[in-house]
Amino acid sequence: MQNNLLSFPSIINLGIIRGICHCNCVHCPIGLTHQDIRKRMFGNLEINVNTFRRFCEEIVRHETTVRLHGVGEPTLHSQFPKLLEILHQLNLKTKFWLFTDGLFPTHLIPQLIRAVGIIEFSINSTNKQDYLATKGIDAFERVNNNIYQMRDFVKSIDASTRIVLTRVKSKFEIDNEFIEFWTAEGFECFIRSYHTYSGILESRGINTPESLRNLPKCLVPWKRSNFDGTLLQDKLVAVTCFNILFQHPSLIPENYKMGIFPDSSLIDIWNSLVFTEFRNKLEQNKITDTVCDTCSECMTNSGPRAENLLRKTF
């Protein structure tokens, strides 16, 4: 496994907001929490703009892809247009990927296309009824409108931005219908794996003793890095796994944290002693005292969707 350690992660997941989202998704801890108590349950910080700029200035020097996400909806960041402007100023479009519910104001479309290389819409459905049942709000037509307006704008200026539509895995027939429908409409699309978010949600039968015994080692600590800008004021915290972010920051144990930026550089954190020791424990099947010890949602070489998507060129 040591031979698979990259000199720098191929994908960095960067959390930029928490505690706020338009949707009430049935497959997400945020969505299943009442709107009125989300900030109390998950916290309410957002990434500092200057810290984001410092992060981006380091990213300029590395070959990687940064996925903007959040414990909530990234485009609800109070200064989101400023974040997009930083990406444009530093010419980072081909390195950034936005995960969004698609309910941003339409006037943001030109700026999004100018700043971000991949825009992933979590539309989850092909019709209003399924959208309401799975996303928990009546907003299918609004998201649908943003998707088609964005596609038309991309074509009109011959932009390189890729629009990707996704659904969380449920029943085969519905998942297959999703792929067939949006592919016929000319969009890239795929089915995202269902996650329990480290046991916060029901496992749907995937987290069984038999499945745990037969799992290959997870490649996340060797391939990806997870940073979050909402755990500490004006800092980014590197954590072991994206899933553990879906709780209040005060409940995240210290041994899940691999380093702090900008106290240390991104590459120093990636190659740090604490991160190396964590990888070594996983490699040697030792107890890490983290959810990695019982996780059944490993990223393996059999086809992580994000990596597959990035094999295509802009």
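None of the values given here were measured: they were computed from a predicted structure.

Side note on the side chain of Ser122
Reasoning step 1: Residue position: Ser122 is located in the loop between strand 4 (118-121) and helix 5 (128-135).
Reasoning step 2: In contact with Ser122, not counting residues within four places along its chain, are Phe99, Thr100, Asp101, Lys135, Thr166 and Arg192.

Some points on the layout of surface pockets
Reasoning step 1: There is about 160 Å³ of room inside the second largest pocket.
Reasoning step 2: What lines the second largest pocket is Arg151, Val154, Lys155, Thr161, Arg162, Ile163, Gly186, Phe187 and Glu188.
Reasoning step 3: Going through the elements one at a time, helix 6 (140-156) and strand 5 (162-168) are the ones with two or more residues in the lining of the second largest pocket.
Reasoning step 4: Examining the composition of the lining of the second largest pocket, we find that three residues originate from one element, helix 6, more than from any other.
Reasoning step 5: Residue composition of the lining of the second largest pocket, by class: three nonpolar, two polar and four charged.

Description of the pairing of strand 1 (residues 11-20)
Reasoning step 1: Within strand 1, nine of the ten residues are buried, leaving the element largely enclosed by the surrounding structure.
Reasoning step 2: Direction of pairing for strand 1 relative to strand 2 (residues 65-72): parallel, over a ladder of seven bridges. What sits directly across from Asn13, in strand 2, is Arg67.

Remarks on the pattern of salt bridges
Reasoning step 1: In this structure the tally under the stated criterion is nine salt bridges.
Reasoning step 2: When the shortest N-O distance is used, the salt bridge between Asp138 and Lys128 registers 3.9 Å. Here Asp138, found in the loop between helix 5 and helix 6, pairs with Lys128, found in helix 5; they are ten residues apart in sequence, far enough to count as distant.
Reasoning step 3: Residue Lys128 is classed as partly exposed on the basis of its relative accessible area, which comes to 37%.
Reasoning step 4: With its nearest N and O atoms 2.6 Å apart, the salt bridge here joins Lys235 to Asp263. Highlighted residues: Lys235 in the loop between strand 7 (224-228) and strand 8 (236-239) and Asp263 in the loop between strand 9 (257-261) and helix 10 (266-270), separated in sequence by 28 residues.
Reasoning step 5: A cluster of three or more residues bridged by salt bridges with shared partners is formed by Asp130, Arg167 and Asp175.

Description of the nonpolar core
Reasoning step 1: Counting residues in hydrophobic clusters, the biggest one holds 78 residues, and the most contacted among them are Leu14, Phe52, Phe55, Phe96, Leu112, Met150 and Leu165.
Reasoning step 2: Not counting residues within four places of it along the chain, the set of residues in contact with Leu165 comprises Phe121, Ile123, Ile147, Phe178, Trp182, Phe187, Glu188, Cys189 and Phe190.

Examining the sheet that holds strand 8
The pairing of strands in a sheet happens through backbone hydrogen bonds and is either parallel or antiparallel.
Reasoning step 1: Ordered in space as 6-5-4-3-2-1-7-8-9, the nine strands form an open sheet in which the pairing is mixed. The open sheet has two edge strands, strand 6 (188-192) and strand 9, and neither has a second partner. Strand-to-strand twist in this sheet, taken as the mean axis angle between neighbours without regard to direction, amounts to 25°.

Re the environment of Val168
Reasoning step 1: Mapping Val168 onto the fold places it in strand 5.
Reasoning step 2: Separated by 45 residues in sequence, Val168 and Ile123 have C-alpha atoms that sit 9.5 Å apart.

A closer look at helix 6
Reasoning step 1: Its 17 residues give helix 6 an end-to-end C-alpha distance of 24 Å, which sits within 8% of 24 Å, the value for a rise of 1.5 Å per residue.
Reasoning step 2: Those residues of helix 6 lying buried are Phe140, Val143, Asn146, Ile147, Met150, Arg151 and Val154. Mapping the buried residues of helix 6 onto a view down its axis gives an arc of 135°, with all of them on the same face. Away from its buried face, by an angle of more than 90 degrees, helix 6 presents the exposed residues Glu141, Lys155 and Ser156.

Observations concerning the packing of helix 2 (residues 49-59) against helix 3 (residues 80-89)
Reasoning step 1: Where helix 2 meets helix 3, the closest approach of the two axes is 10 Å, and the angle between their N-to-C directions is 25°. Taken together, the axis directions place helix 2 and helix 3 in an arrangement best described as roughly parallel. Considering the relative orientation of helix 2 and helix 3, their crossing is right-handed. When helix 2 is examined against helix 3, the residues Val49, Phe52, Arg53 and Cys56 are found in contact with a partner set consisting of Leu83, Ile86, Leu87 and Gln89.

Regarding unusual backbone geometry
Reasoning step 1: Cis geometry is adopted by the peptide bond preceding Pro262, which originates at Phe261 and carries an omega value of 10°.
Reasoning step 2: Backbone geometry at Asp158 places phi at a positive 55°, although glycine is not the residue there.
Reasoning step 3: Structurally, Asp158 can be placed in the loop between helix 6 and strand 5.
Reasoning step 4: Backbone geometry places Asp234, a non-glycine residue, at a positive phi of 65°.

Calculation notes
Residues numbered from 1 in each chain as written. Predicted model: local features only at pLDDT ≥ 70, side-chain atom pairs only at ≥ 80, totals over all residues. Heavy atoms only, no water. Helix = DSSP H or I, 4+ residues; strand = E, 2+ residues; numbered from the N terminus. Contact = heavy atoms within 4.5 Å. 1 Å grid on protein atoms, 1.4 Å probe; cavity = no way out; pocket = protein on both sides within 12 Å on 5 of 7 lines; lining within 4 Å. Points joined across faces, edges and corners; volume = space filled by probe spheres on them. Nonpolar A, V, L, I, M, F, W, Y, C, P; charged D, E, K, R; others polar. Buried < 20%, exposed > 50% of the residue type's maximum accessible area, 1.4 Å probe, protein only. Pairing = 2+ DSSP bridges. Salt bridge = Lys/Arg side-chain N within 4 Å of Asp/Glu carboxyl O. Core = buried A, V, L, I, M, F, W, Y, C linked by side-chain atoms within 4.5 Å. Axes fitted to C-alpha atoms, helices over the stretch in contact; angles between N-to-C directions. Expected span 1.5 Å × (residues − 1). Arc of directions from axis to C-beta. Parallel < 35°, antiparallel > 145°, perpendicular 65-115°, else oblique. Left-handed = near helix turned anticlockwise from the far one by under 90°.

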